[in-house]
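Residues per chain, in single letters:
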Amino acid sequence: METAICGRVPLSPNSFFASKSGDKHSLSKQWTHRTMLMTVSAAAPGKGSGVLERPTIERIMPTRESEFDLRKSRKMSPPYRVLLHNDNYNKREYVVQVLMKVIPGMTLDNAVNIMQEAHHNGMSVVIICAQVDAEEHCMQLRGNGLLSSIEPASGGC
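Residue indices follow the written sequence of each chain, beginning from 1 at its first position. For a predicted model such as this one, the threshold for reporting local features is a pLDDT of at least 70, and the threshold for listing and counting side-chain atom pairs is 80 or more; totals across whole chains, interfaces and linings nevertheless cover every residue. With hydrogens and water excluded, all non-hydrogen atoms of the structure serve as input to the side-chain values.

The protein has the name Adaptor protein ClpS core domain-containing protein in an unreviewed UniProt entry, where Vitis rotundifolia is given as its organism.

(A) Up close: the overall build of the protein. Going along the chain from the N terminus, every DSSP run of H or I of four or more residues is numbered as a helix, and every run of E of two or more is numbered as a strand. Secondary structure summary: the protein contains 4 helices and 6 strands in total. In sequence order, the secondary structure elements of the protein are arranged as β-β-β-α-β-α-α-β-α-β. Burial status across the protein gives 25% buried among its 157 residues. Within the protein, residue pairs in contact and separated by at least 24 positions form 53% of the contacts whose partners lie at least 6 positions apart. Using the Shrake-Rupley algorithm and a 1.4 Å probe, accessible areas are obtained, with residue cover drawn only from the displayed protein chains. Counting only carbon and sulfur atoms, one obtains 52% of the accessible surface of the protein, whose full area is about 11500 Å². Each residue is assigned to one of three classes by its accessible area relative to the maximum for its type, calculated with a 1.4 Å probe on protein chains only: buried under 20%, partly exposed between the two thresholds, exposed over 50%. For this analysis, residues touch if any pair of their heavy atoms sits within 4.5 Å.

(B) Focus on the sheet that holds strand β4 (residues 79-85). Reading across from one edge, β5-β4-β6 is the order of the 3 strands in this open sheet, with antiparallel pairing throughout. If you trace the sheet from one side to the other, it starts and ends with β5 (123-130) and β6 (147-152), each paired once. Across the sheet, the mean angle from the axis of one strand to that of its neighbour is 25 degrees, orientation sign disregarded. Examined bridge by bridge, β4 and β6 share 6 bridges and lie antiparallel to one another. Across the sheet, residue V82 finds its bridge partner in β6, namely I150. Lines fitted to C-alpha atoms define the axes, with helix axes restricted to the stretch in contact, and inter-axis angles between N-to-C directions lie between 0 and 180 degrees. The strands touched by helix α3 (residues 108-121) within the sheet are β4 and β5, with β5 carrying the most contacts at an inclination of about 130 degrees. Two strands qualify as a pair provided DSSP detects at least 2 bridges between them.

(C) The arrangement of the packing of helix α2 (residues 92-102) against α3 in detail. Viewed as axis vectors pointing N to C, α2 and α3 meet at an angle of 130 degrees, and their least axial separation amounts to 9 Å. Between α2 and α3, the crossing angle belongs to the class labelled oblique. Between α2 and α3 lies a crossing whose hand is right-handed. For the pair α2 and α3, contact is made by R92, V95, V96, L99 and M100 and by L108, A111, V112, I114, M115, Q116 and H119, respectively. In terms of residue class, the contact of α2 with α3 is made up of 9 nonpolar, 2 polar and 1 charged. With respect to orientation, any angle under 35 degrees is reported as roughly parallel, any angle over 145 as roughly antiparallel, any angle of 65 to 115 as roughly perpendicular, and every other angle as oblique. Throughout, a crossing is termed right-handed when the near helix is turned clockwise from the far one, and left-handed when it is turned anticlockwise from it by less than a right angle. We call Asp, Glu, Lys and Arg charged. Ala, Val, Leu, Ile, Met, Phe, Trp, Tyr, Cys and Pro are nonpolar, and the rest, Gly among them, are polar.

(D) Focus on the nonpolar core. Core analysis: the biggest nonpolar cluster contains 19 residues, and L84, L99, M106, V126 and L141 have the highest contact counts within it. Elements represented by at least two residues in this core include exactly β4, α2, α3, β5 and α4 (131-143). For this core, the leading source of residues is α2, giving 5 residues. In this structure M106 touches L99, M100, A111, I114 and V126, once residues within four positions along its chain are discounted. Nonpolar cores are built from buried Ala, Val, Leu, Ile, Met, Phe, Trp, Tyr and Cys residues. Side-chain atoms within 4.5 Å join them into one set.

(E) Region of interest: the side chain of H137. Tracing the backbone shows H137 in helix α4. Not counting chain neighbours up to four residues away, the residues in contact with H137 comprise V82, V102, I103, P104, I127 and C129.

(F) How the structure looks around α2. Taken as a whole, α2 has its buried residues at V95, V96, V98, L99 and V102. Buried residues along α2 cover an arc of 165 degrees about the axis, so they all sit on one side. Exposed residues lying more than 90 degrees from the buried face of α2 are E93, Q97 and K101. Here the buried face of α2 lies against β4, α3, β5 and α4. Relevant arc is that of directions from the helix axis to the C-beta atoms, nothing else.

(G) Spotlight on α3. Here α3 is 14 residues long and its end C-alpha atoms lie 20 Å apart, about the 20 Å a rise of 1.5 Å per residue gives. Within α3, burial applies to A111, I114, M115 and A118. All buried residues of α3 fall inside an arc of 95 degrees around its axis, so they share one side. Opposite the packed face of α3, turned more than 90 degrees from it, sit the exposed residues D109, N113, H120 and N121. At the exit of α3 stands G122, carrying a positive phi of roughly 90 degrees. In a helix, the anticipated span is given by 1.5 Å times the number of residues less one.

This is the structure we're talking about:
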């Protein structure tokens, strides 16, 4: 069987066209390649030059959210404050180390300022971020022995 295939159509040796019982005029094959479904029809052997029809391409929507969609939804969610509360158990140096470890992008100067504010005022705002991130930061701070909570940031940031 001689078949000419024009264009870039991914074929494996096992996915070559096979004749269907009772169908002598055309052969068909469907396969999925990443996110496209393609259908290709070819003329049967001995019936002429075997011209391929234009492939039909359908876009299949991804079933899970992409990382971009997750970041976009986090930016659109209402902001929350992560609060650090003063305690009489942890040393100041340890609080600074935990803040720098848990909060992404936290500098030494910012961590010291946050620790000092919590020490003098009883509470300090660590970061303002999406609720999901705020809950995660709060749990990590608590997991390292610090007193922490979150609250909505609506009302005078």
